[in-house]
Amino acid sequence: MGAADRLRETVTPAVDAALEIASAPPGAVFVGWAAAVDAATCPARYRAQGEDGWGFPGWSPATAAGAVARSALDAHLEVTDADQAGQPVPAPAPVETVRRWMRATGTLDARGVGAWVGELRAAGDTATLAAVAAAASRWLGGFVRVVGWPLPQGMALLNVTREGPTGTAPRWWPRQGSPVCVASGADARIGRVTGAGGHTLVVHRASSGDDDDLRRRAGFEAAAGALALRVAPAAVTITAGDTGERARIVVDEGLLAAGGEMIVDVVRQRVVAVERGHDAADARPSRRCRWCEVRADCAPGQAWVAGPGRWRGGLPAIGGG
Ligand code: SF4
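Since we're looking at a predicted model, the values are computed, not measured.

Here we come to the site of the ligand. Neighbouring residues of the ligand: 14 residues in total, closest Cys42, Cys289, Cys292, Cys298 and Gly301. In terms of residue class, the shell around the ligand is made up of 9 nonpolar, 1 polar and 4 charged.

This is the structure in structure tokens:
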């Protein structure tokens, strides 16, 4: 039995146990990175988000940037490769590559983020289209800068929207018909997915974050990727477009278990949300309170932002302060 199987045999009964004690059906539970980090860092915040936060969060210029950029890069590789007659594919010009894909996607049998871009085009929402193009161009430029060009040998893009049924969106459901859907957010993998599990998942961020998030992200994506692809990766590489950062985190049983626990915790918090939603007793104030959308109803968060904690912003306290 491989590490992915062991993880599945741990996570599935834990999800079952969490759902069994629900006082009412919890509805769809979409377990992506955004939900997992909220549940891990401030359960009260996750539970306060309501249906919009518990299901697929939907598209916005920020959430669509990576999806549009990956799809544009995928199309660049495919179309340009066909045109090049064996010559190396030139590096993509980010702005042009993204614009070309966005212009074309309205005429395709679009799915996923392509359907959303098509809707924006049909509605004539040029302001949102421009914001999406800018965010996706930045994402693509940073990605190529960090991973290099040509793309590393054996790299395959993940979570890509293509015409027809060929796109890849790694997902896992604990059981058939389960309300819980675990979504791997990895942007690419390097190496083939074989039983030996030698592949690496690549997660690109337009800008860098703190080390806590980096390790949590690696654990979550390792676990979600292992469940969706049925083979655990050997490592997760996390990159950042602004700093050029490239951190390779080796996947072991401990990292997978931590990621699996994050997945189960989202389900647990969703079940608690059925009963009591936001509860200040479970609030965990941190620098995240600065941009928390439920802060207006959260006394601990308001106190943190108004108090000295905001000045430290994650740095260690000095002396008694
Ligand atoms: S304001 Fe802070 S403590 Fe309150 S719910 Fe949001 S993140 Fe949690």
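Let us keep going from here.
Below, the discussion takes up the sheet that holds strand β4 (residues 180-183). Read from one edge to the other, the open sheet built from 3 strands follows the order β1-β4-β3, with strand pairing classed as mixed. Sheet topology places β1 (29-31) and β3 (171-172) at the edges, where each strand pairs with a single neighbour. Across 3 bridges, the pairing between β1 and β4 is parallel. Across the sheet, Val29 pairs through a bridge with Val180, a residue of β4.

Read from one edge of the open sheet, 5 strands run β2-β5-β6-β7-β8, paired in mixed fashion. Edge strands, defined here as strands with exactly one partner in the open sheet, are β2 (155-157) and β8 (246-250). Within the sheet, the average angular offset between the axes of one strand and its neighbour, ignoring direction, is 25°. Across 3 bridges, strand β5 (residues 188-190) lies against strand β6 (residues 200-205) in antiparallel orientation. By the bridge assignment, Ala188 is partnered in β6 with Val202. Packing of helix α8 (residues 126-147) onto the sheet brings it into contact with β6, β7 (235-240) and β8, and relative to β6 it is tilted by some 135°.

Before going further, it helps to spend a moment on the pairing of β7. The buried fraction of β7 amounts to 5 of the 6 residues, a majority that puts the element mostly inside the structure. Here β7 folds back onto β8 in antiparallel fashion, the turn holding 5 residues, of which Gly244 has a positive phi close to 80°.

Moving on, we come to the nonpolar core. The biggest cluster of nonpolar side chains holds 86 residues, and the ones touching the most others in it are Val68 and Ala136. The leading source of residues in this core is helix α10 (residues 253-276), at 10 residues. Not counting the four nearest positions on each side in its chain, Ala136 is found in contact with Ala65, Val68, Ala69, Ala72 and Val98.

This brings us to the packing of helix α6 (residues 94-105) against α8. Look at α6 against α8: their axes get within 8 Å of each other, and the N-to-C directions meet at 130°. One finds that α6 runs oblique with respect to α8. In this structure, α6 meets α8 at a crossing whose hand is right-handed. Counted together, Pro94, Val95, Thr97, Val98, Arg99 and Met102 of α6 and Leu129, Ala133, Ala136, Ser137, Leu140 and Gly141 of α8 form the full contact between these two elements.

So, on to the packing of helix α2 (residues 33-41) against α10. One can describe the packing of α2 onto α10 by two numbers: an axis separation of 9 Å at closest approach and a directional angle of 75°. Overall, the two elements α2 and α10 adopt an arrangement that is roughly perpendicular. On α10, the residues touching Ala35, Ala36, Ala39 and Ala40 of α2 are Met262, Ile263, Asp265, Val266 and Gln269. Partitioned by chemical class, the residues of the contact of α2 with α10 number 7 nonpolar, 1 polar and 1 charged.

Analysis parameters
Residues numbered from 1 in each chain as written. Predicted model: local features only at pLDDT ≥ 70, side-chain atom pairs only at ≥ 80, totals over all residues. Near = placed C-beta within 6 Å. Nonpolar A, V, L, I, M, F, W, Y, C, P; charged D, E, K, R; others polar. Pairing = 2+ DSSP bridges. Helix = DSSP H or I, 4+ residues; strand = E, 2+ residues; numbered from the N terminus. Axes fitted to C-alpha atoms, helices over the stretch in contact; angles between N-to-C directions. Contact = placed C-beta atoms within 7 Å. Buried ≥ 20, exposed ≤ 12 C-beta atoms within 10 Å, placed from the backbone. Core = buried A, V, L, I, M, F, W, Y, C linked by C-beta atoms within 7 Å. Parallel < 35°, antiparallel > 145°, perpendicular 65-115°, else oblique. Left-handed = near helix turned anticlockwise from the far one by under 90°.

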